[in-house]
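# Chain and residue survey
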Amino acid sequence: MMKTYLFVVLVLIGVSKGYSQNKDSISAERSAGLLRQMDSTHRADSVKRLLLLFEIEALREGRKRESLVEKLRIIEKEDSLKKVEQRQRLDKLKSVAVGYAVAPFYDTLFLVYIKVGSFEASDRAQAISNRIVSLYGNYNFRIDSLTIIDTETNSEILFRDQVIMSINELDAIWFSKPRRSLALEYRDKIRTEIARERNDRSLYNIGIRIATIVLILVGIFILIKIINVGFKRLEVKLRSLKGRVLKGLRFRSYQLLDSDRQLQVTLFITNILRLAVIVLLLFISLPLLFSVFPWTRGIAETLINWISSPLKKVTDAFINYIPNLFTILVIGVMTHYFIKVLSFIANEIACGRLRIENFYPDWAKPTLNIIKFLIYAFSFIIIFPYLPGSQSPIFQGVSVFVGVLFSLGSSSAIANAVAGLVITYMRPFKIGDRVKIGEITGDVIEKSILVTRLRTIKNEEITIPNSAILSGHTINYTTSASALGLVLYTSVTIGYDVPWKQVHELLIKAALSTEGILQSADKKPFVLQTSLDDFYVAYQLNAFTHHPGNMAIIYSGLHQNIQDQFNEAGVEIMSPHYRAARDGNSTAIPANYLPNDYVAPAFNVNTRKDSAD
């Protein structure tokens, strides 16, 4: 009896070894290893239980029998726990495993996950599909001629002597079904699919499908006609609204569109809308047409995917982006109101209602602009990771490329911007000041971050880069004019034959008679003798004014009055280098300033020479 039991055990072990040489595996190595482990564990535990049962059967009673019974119970418990753990691991692998469809007639019957030896799961699925197609083309095939034969390792679906497919133990373990039940299920699906395909390809059904296509085409034609008629009536209605509803578009005082152009734009938009509706109708109808015949359903599914896949991606992307969108909105709102608070403070400082020590009111707006730029830049840095596509290499590459272009092409602009920032806090001038920058004199009419604009007394607008202003010198005639007075000065040269006191009196008298010259006690005109040259004395007249913007007019009036005063006093102005030799001709003083009995001195020669002579 014991020999018989041992023989059975050896046979089972041999079968197990023979089967292990032909183990199936799925395409994923982890899944294959797990299935092999589950199968080998099951067989090893079966052998152990069988040996223990043999020994327990041989021992009728005693402590050894009780010990073997307890050992059998422990093995069964451990086997149960192992099965639960392995089943959990297998369920995890199923969620990521790739199955290959058996689809002989475009519709998927079932999926194949397991490979047999070197026969991959994809090749196995394709071979099964090809055999099913060959069955469909075999006129001797009948639906009930498919049979199932079970062997020790496989359950085979047969048509006569031809094997359509084999289901092994690993297939059964993967789907958690008995091998025989899985084979019956597959056989029924193959029968049903072949019967349905034969029914679909019958002449009657083909005729019905052709009629269906004709009806669909007629329906599409009618719908297009309805769409065209509807839009034609809409066009007539729009033309009737011209001048009543379509009166043109106006933005404040600017006429964007008159009624005719507004009508043309409206009709163009409606025509585009009509074409879009027709194209959408055709695109929806094409999948419907292709789905009529089974062998063109794949094209229909492709067309539907062209529409549904982008829409699904866009919808999913938008839904997934909503949290980031709320983050951006929160950052934007906080930035907006923070800048509003800063703008209010800057306006208060600029108006003089809020004073900060050593902070000038004209610094308020430029400082606000700088802080706003920094806040916006900081906000953008925070928002940037939340922008759609910000992590993509293309987006980052374009950002770097734009940054490099900006850096290479804006070096002078950045230099002017930095210079404008420095000039703002240097406060060399403000809007309305009369200044001289280099060789240009005019009133400041605009200060920007890049340039400064002047208007000259000839009404010429001159734009000067801020970097040029910073690298040169600037004269401001307005800054001290209102408080201290701007000193206007001019020079004349008078010969040594004229007393200097008389010259001083004449120059001061000329200044006091000029409009715009101050005459107060602390700001009276004064004269300086700047040099004693070979033939004349250089006198400099200095006079105060509060009107630097009228310098040209004041200078002109001052020069006129100087000439009048000297001519009335009979004093010749020897400027710049001038001397006269008399020969009896008239003096350089205009005749209307000379007395009636004036007689010119007599000389033999009439010459006028430069002082260099």
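Here, the structure is the one placed above.
Below: a short report on this structure. (Residues numbered from 1 in each chain as written. Predicted model: local features only at pLDDT ≥ 70, side-chain atom pairs only at ≥ 80, totals over all residues. Heavy atoms only, no water.)

This part covers a nonpolar patch on the surface. A cluster of nonpolar residues, I210, V214, V218, F221, I222, L223 and I226, forms a patch on the protein surface that exposes about 640 Å² of accessible area. Counting through the fold element by element, I210 comes out in helix α7 (residues 203-240). (Patch = residues over 30% accessible without salt bridge, like charges linked within 9 Å, V, L, I, M, F, W, Y side chains within 5 Å. Areas by Shrake-Rupley, 256 points an atom, 1.4 Å probe, with all protein chains shown as cover. Salt bridge = Lys/Arg side-chain N within 4 Å of Asp/Glu carboxyl O. Helix = DSSP H or I, 4+ residues; strand = E, 2+ residues; numbered from the N terminus.)

Before going further, it helps to spend a moment on helix α14 (residues 500-512). Its 13 residues place the ends of α14 18 Å apart at the C-alpha level, agreeing with the 18 Å of an ideal helix rising 1.5 Å per residue. Along α14, the residues that are buried comprise V503, H504, L506, L507, A510 and A511. An end-on view of α14 places all buried positions within 165° of arc, on one side of the element. In α14, the exposed positions angled more than 90 degrees off the buried face are occupied by K501 and E505. Residues of α14 that are buried sit in contact with β15 (486-495), β16 (526-532), β17 (536-545) and α15 (551-568). (Expected span 1.5 Å × (residues − 1). Buried < 20%, exposed > 50% of the residue type's maximum accessible area, 1.4 Å probe, protein only. Arc of directions from axis to C-beta. Contact = heavy atoms within 4.5 Å.)

Our focus in this paragraph is the sheet that holds β15. Spatially, three strands are ordered β15-β17-β16 in an open sheet, and the strand pairing comes out antiparallel. At either margin of the open sheet sits one strand with a lone partner, and together these are β15 and β16. Neighbouring strand axes in the sheet, compared pairwise and without regard to direction, differ in orientation by 25° on average. In the sheet, β16 pairs with β17 via six bridges, with the strands oriented antiparallel. (Pairing = 2+ DSSP bridges. Axes fitted to C-alpha atoms, helices over the stretch in contact; angles between N-to-C directions.)

This part takes up the pairing of strand β10 (residues 434-437). As defined by bridge partners, β10 adjoins strand β11 (residues 440-447) across four bridges and the pair is classed as antiparallel. Note on β11: the bridge partner recorded for V435 is G442. Here β10 folds back onto β11, and the loop between the two strands holds two residues, one of which, G438, carries a positive phi near 65°.

Packing of helix α10 (residues 364-383) against helix α12 (residues 411-426) brings their axes to within 10 Å, and their N-to-C directions diverge by 145°. Helix-helix and strand crossings are classified by hand; for α10 and α12 the assignment is left-handed. Here P366, T367 and I370 of α10 lie close against α12, whose contacting residues are L421, T424 and Y425. The residue inventory of the contact of α10 with α12, partitioned by class, reads four nonpolar, two polar and no charged. (Left-handed = near helix turned anticlockwise from the far one by under 90°. Nonpolar A, V, L, I, M, F, W, Y, C, P; charged D, E, K, R; others polar.)

This part takes up the pattern of salt bridges. All chains considered together, the criterion is met by 15 salt bridges. When the shortest N-O distance is used, the salt bridge between D171 and R124 registers 2.8 Å. With D171 in helix α5 (residues 169-175) and R124 in helix α4 (residues 121-137), the pair connects residues that are 47 residues apart, well separated along the chain. Across the pair D316 and K312 runs a salt bridge whose closest N-O atoms are separated by 3.0 Å. With D316 and K312 both in helix α9 (residues 297-351) and four residues apart, this pair spans about one turn of that helix. Among the residues examined, D316 registers a relative accessible area of 30% and is labelled partly exposed. Owing to a relative accessible area of 54%, K312 belongs among the exposed residues under this scheme. By sharing partners, the salt bridges in this structure join K177, E185 and K189 into a single network.

The terminal C-alpha atoms of helix α8 (residues 259-290) lie 47 Å apart, and with 32 residues this matches the ideal 46 Å at 1.5 Å per residue to within 8%. Among the residues making up α8, those that are buried are Q262, L263, L267, T270, I278, L281, S285, P287 and L289.

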